[in-house]
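Chain residues, written in single-letter form:
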Amino acid sequence: MSFNEVIGQALPVKLLKNMLSQQQINHAYLFAGPAGVGKEFVAKQFIKALNCTENELDACEKCISCRKFASNNHPDVIEITPEGKQIKIDQIREIQQNISYKPYESDWKVYLFKEAEKMNLQAANSLLRILEEPPAYAIIILLTLKEELLLPTITSRCQIIRFRPLKTKEIKNELINRWGLSSVQAERRALLAGGSLGRAVSFTEDDSVLTVREEVLAAVKKILDFDIVEIFEFAQQLLTYKENLNYVFEILITFYRDLLIYKQIKSLELVINFNNEQELLELSSKYRFGELEKIIKLITETAEIVKKTNVNLQLALEVMLLKIKGRGEIKVGRDNCSRNNL
Ligand SMILES: [Zn+2]
């Protein structure tokens with residue numbers, strides 16, 4: 001493992017390497033960015049490089065320190081993960097005790113918090129006290145999806161390092177080069193990954209999500225021609241994807257966003273669900289701008305509504321699909337997908 005293997009995060013890597021070379025190490029870092037873009041990998045590489053007895057700017061992977069870290073046996077590196085759904089105050093109390101002992105083997109004692117946004121308020125306040133006066137040898141690294149999810153009093157004490165979503169092309173190349181996927185397989189997964197290599201990789205283990213995507217897209221492309229029975233059947237179909245419903249909404253939103261983007265820039269470049277321009281041209285010409293905006297808002301709202309437990313999911317999906325067919329509203333009458341108003 002090496003910093004050279006990090007994909008798409010040149011800036012964070014450069015910042016951290018600079019700190020290593022200038023020996024300007026902070027006591028608290030916040031790595032913020034979406035899931036599956038390399039925060040943990042970079043954090044671990046940084047910790048290894050800090051403690052490595054052979055190299056300064058990267059880990060050698062051979063010295064005792066590097067090997068102990070690789071086998072999760074480094075006594076001066078402590079990982080904190082949520083217990084159940086939260087990081088709790090007892091976990092922080094343990095750190096409060098532990099941090100007062102000097103490192104056993106290296107110059108630093110590192111505390112790596114995964115999913116730091118899951119700290120409950122008590123835990124966060126307790127961590128704040130540690131951050132106010134950390135011992136000279138202590139380094140705390142918080143990994144989080146968004147810095148806004150943490151208390152401002154905590155973020156203000158950290159150096160924030162931001163990680164960006166990966167480009168589809170970066171993910172595709174990684175899937176081909178490291179995971180041995182074919183170009184077609186890799187592209188299919190990279191398109192749906194939303195900038196997260198972690199998610200793309202999970203697709204290589206579970207193909208069912210890809211099938212869901214293809215089935216949803218195939219149906220939604222025809223929705224304007226559906227009659228009312230077919231709409232209800234489509235709702236039934238979506239219900240069978242219950243466990244992946246968030247993906248389903250995401251697919252629908254990106255589908256209509258693609259139509260909107262294509263209407264605006266007439267190029268495939270930023271579009272994620274299509275590689276056939278003719279098809280995209282035909283579909284996007286069936287909707288007006290305002291209608292597409294309305295539909296995207298409608299799907300977003302429905303996705304929020306169905307998160308609530310007391311909602312009739314089937315009804316919510318049916319209403320949403322009827323409105324999509326009506327290009328943003330339910331149209332009553334003989335022909336509720338009238339083309340006359342185009
Ligand atoms: Zn080493």
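Residues numbered from 1 in each chain as written. Predicted model: local features only at pLDDT ≥ 70, side-chain atom pairs only at ≥ 80, totals over all residues.

## Structural notes on the overall build of the protein chain
Within the protein chain one finds 15 helices and 5 strands. Out of the 342 residues in the protein chain, the part that is buried amounts to 32%. A separation of at least 24 residues holds for 68% of the contacts in the protein chain among residues at least 6 apart in sequence. (Helix = DSSP H or I, 4+ residues; strand = E, 2+ residues; numbered from the N terminus. Buried ≥ 20, exposed ≤ 12 C-beta atoms within 10 Å, placed from the backbone. Contact = placed C-beta atoms within 7 Å.)

## Quick notes on the domain arrangement of the protein chain
Partitioning the protein chain into domains gives domain 1 (3–162) and domain 2 (206–325). If you average the C-alpha positions of domain 1 and of domain 2, the two centres end up 40 Å apart. (Domains from an automatic or database assignment.)

## Remarks on the packing of helix H4 (residues 89–98) against helix H5 (residues 121–132)
Packing of H4 against H5 leaves a shortest axis separation of 8 Å and a crossing angle of 15°. By the angle between their axes, H4 is roughly parallel relative to H5. Judged by the sense of rotation from one axis to the other, the crossing of H4 with H5 is left-handed. On H5, the residues that touch Ile89, Gln91, Ile92, Arg93, Ile95 and Gln96 of H4 are Gln122, Ala123, Ser126, Leu127 and Ile130. Per-class residue counts for the contact of H4 with H5 are 6 nonpolar, 4 polar and 1 charged. (Axes fitted to C-alpha atoms, helices over the stretch in contact; angles between N-to-C directions. Parallel < 35°, antiparallel > 145°, perpendicular 65-115°, else oblique. Left-handed = near helix turned anticlockwise from the far one by under 90°. Nonpolar A, V, L, I, M, F, W, Y, C, P; charged D, E, K, R; others polar.)

## What to know about the confidence of the model for the protein chain
Here the protein chain averages 90 in pLDDT, while 97% of its residues score no lower than 70. Note on residues 334–342: pLDDT under 50 across the span, and 6 contacts to partners over four residues away in sequence or across chains. (pLDDT = per-residue confidence, 0-100.)

## Topic: the nonpolar core
Within the largest apolar cluster, 53 residues are counted, with the highest numbers of intra-cluster contacts made by Phe31, Leu112, Phe113, Ile141 and Leu142. Counting 27 residues, the second largest nonpolar core, distinct from the first, contains Phe274, Leu280, Ile299 and Leu321. (Core = buried A, V, L, I, M, F, W, Y, C linked by C-beta atoms within 7 Å.)

## A few points about unusual backbone geometry
In the Ramachandran plot, glutamate 61 falls in the positive-phi region, its phi being about 70° despite a non-glycine side chain. If you trace the backbone, glutamate 61 turns up in the loop between helix H2 (39–51) and helix H3 (64–70). You will see that asparagine 72, though not glycine, has its phi angle at about 60°, which is positive.

## Re helix H9 (residues 197–205)
Within H9, the full set of buried residues consists of Leu197, Arg199, Ala200 and Phe203. In an axial view of H9, the angular spread of the buried residues amounts to 165°, which keeps them on one side of the axis. Residues of H9 that are buried in the fold lie against helix H7 (168–177), helix H8 (183–192) and helix H10 (208–220). (Arc of directions from axis to C-beta.)

## Topic: the pairing of strand E4 (residues 138–144)
Most of E4 sits out of view: 7 of its 7 residues are buried. Two strands pair when backbone bridges link them, and strand E1 (residues 28–32) and E4 are joined in this way by 5 bridges, in the parallel orientation. Looking at the pairing, leucine 30 lines up with leucine 142 of E4. Note: strand E3 (residues 109–113) against E4, 5 bridges, orientation parallel. (Pairing = 2+ DSSP bridges.)

## Details of the packing of helix H12 (residues 245–265) against helix H14 (residues 289–305)
As a packed pair, H12 and H14 sit with axes 9 Å apart at the nearest point and diverge in direction by 165°. In this view, H12 runs roughly antiparallel relative to H14, as classed from their interaxial angle. With respect to the hand of their crossing, H12 and H14 are arranged in left-handed fashion. Residues Phe249, Leu252, Ile253, Tyr256, Arg257, Leu259, Leu260 and Lys263 of H12 lie in contact with H14, whose contacting residues are Phe289, Leu292, Glu293, Ile295, Ile296, Ile299, Thr300 and Ala303. Of the residues assigned to the contact of H12 with H14, the class counts are 12 nonpolar, 1 polar and 3 charged.

## A few points about the pairing of E3
Buried residues dominate E3, accounting for 5 of its 5 residues. Residues Lys109, Tyr111 and Phe113 line one face of E3 and the alternating positions Val110 and Leu112 line the opposite face, and both faces are buried. As for the winding sense of the linkage, the β-α-β connection from E3 through H5 to E4 is right-handed. (Right-handed = clockwise from strand over helix to strand, strands pointing away.)

## Structural notes on the sheet that holds E3
Ordered in space as E2-E3-E4-E1-E5, the 5 strands form an open sheet in which the pairing is parallel. Since the sheet does not close on itself, it has two edges, and those belong to strand E2 (77–80) and strand E5 (159–162), each with one partner. Each neighbouring strand pair of the sheet contributes to a mean axis angle of 15°, computed without reference to strand direction.

## Looking at the environment of isoleucine 330
Note that isoleucine 330 resides in the segment after helix H15 (313–325). Sequence separation of isoleucine 330 and valine 319 is 11 residues, and the distance between their C-alpha atoms is 7.9 Å. Not counting residues up to four positions away in its chain, the partners in contact with isoleucine 330 are Leu322 and Lys323.

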